[in-house]
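Letter by letter, the chains look like this.
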Amino acid sequence: MAALQRIRELKDFVVEEAKSARAFLGAVGVNPREVRMAELNEHTDSTAVASLLKPLREGRPLGLLSEAGCPAIADPGAALVEAAHAAGFRVVPLVGPSAVTLALMASGLEGQRFAFCGYLPRDSAERAQRIKQLEQRSRREHETEIFIETPYRNDALLGGLLDTCAPATRLCVAADLTLATESIRTQSVADWRRSRPSLGKRPAVFLLLART
């Protein structure tokens, strides 16, 4: 793949977590001892992001690796991309899997109009209110609403969806995308209520489309 070949040519990376990044690079044929890494994650001070562009300022290409999912989509790497644009550097996206688009492709829901809404509120009452707002928008715009959750809160989110949404609203839960344990299921909220699964800590994407 062209993306893997490009990765193998790079010597500088910004990564979310160095240990897992080394494991990934080793798996795709890169000697981790021969590359330089800087970390960018939720603990990185916003004032330090610009300094991560040092390789670019010195004339070397710089790669961005995410811990999971697609770089800069619900990912701290977005701050690095923003800084690169602000500094006038060229940004080149590489082809790779995106859980958001894979889930939408497999859901059977509206693919002409959709919105990625990121994470919903942690508080149960605020989350329920947000779900109502998204369902109303979906019904009004005939738009698929897509969101994700930290895996250990998957079951709380699914429970909130089933307790809040109208019975006819279509709900897709796509878990473990691209893995051997992949599961993608779309049905009405009424049908989900008849047999509530436990997702556990499986990475998942949730999509809903309200009936008009």
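Let us look at the structure shown here. Just so you know, these numbers come straight off a predicted model, no measurement behind them. (Residues numbered from 1 in each chain as written. Predicted model: local features only at pLDDT ≥ 70, side-chain atom pairs only at ≥ 80, totals over all residues. Heavy atoms only, no water.)

### Here we look at the sheet that holds strand β3 (residues 63–65)
Step number 1: If you trace the three strands from one edge of the open sheet to the other, you get β2-β1-β3, paired in parallel fashion. Since the sheet does not close on itself, it has two edges, and those belong to β2 (36–39) and β3, each with one partner. Averaged over all adjacent pairs, the angle separating strand axes in this sheet is 25 degrees, with direction ignored.
Step number 2: With four bridges joining them, strand β1 (residues 12–15) and β2 adopt parallel strand pairing. Looking at the pairing, Phe 13 lines up with Met 37 of β2.
Step number 3: Across the sheet, helix α2 (residues 18–27) is in contact with β1, β2 and β3; its angle to β2 comes to roughly 140 degrees. (Pairing = 2+ DSSP bridges. Helix = DSSP H or I, 4+ residues; strand = E, 2+ residues; numbered from the N terminus. Axes fitted to C-alpha atoms, helices over the stretch in contact; angles between N-to-C directions. Contact = heavy atoms within 4.5 Å.)

### Observations regarding the pairing of β1
Step number 1: The side-chain alternation of β1 yields two buried faces, one formed by Asp 12 and Val 14 and the other by Phe 13 and Val 15.
Step number 2: Between the parallel pair β1 and β2, the chain is carried across by α2, and the sense of this crossover is right-handed.
Step number 3: By the bridge criterion, three bridges tie β1 to β3 in an arrangement that is parallel. By the bridge assignment, Val 14 is partnered in β3 with Leu 64. (Buried < 20%, exposed > 50% of the residue type's maximum accessible area, 1.4 Å probe, protein only. Right-handed = clockwise from strand over helix to strand, strands pointing away.)

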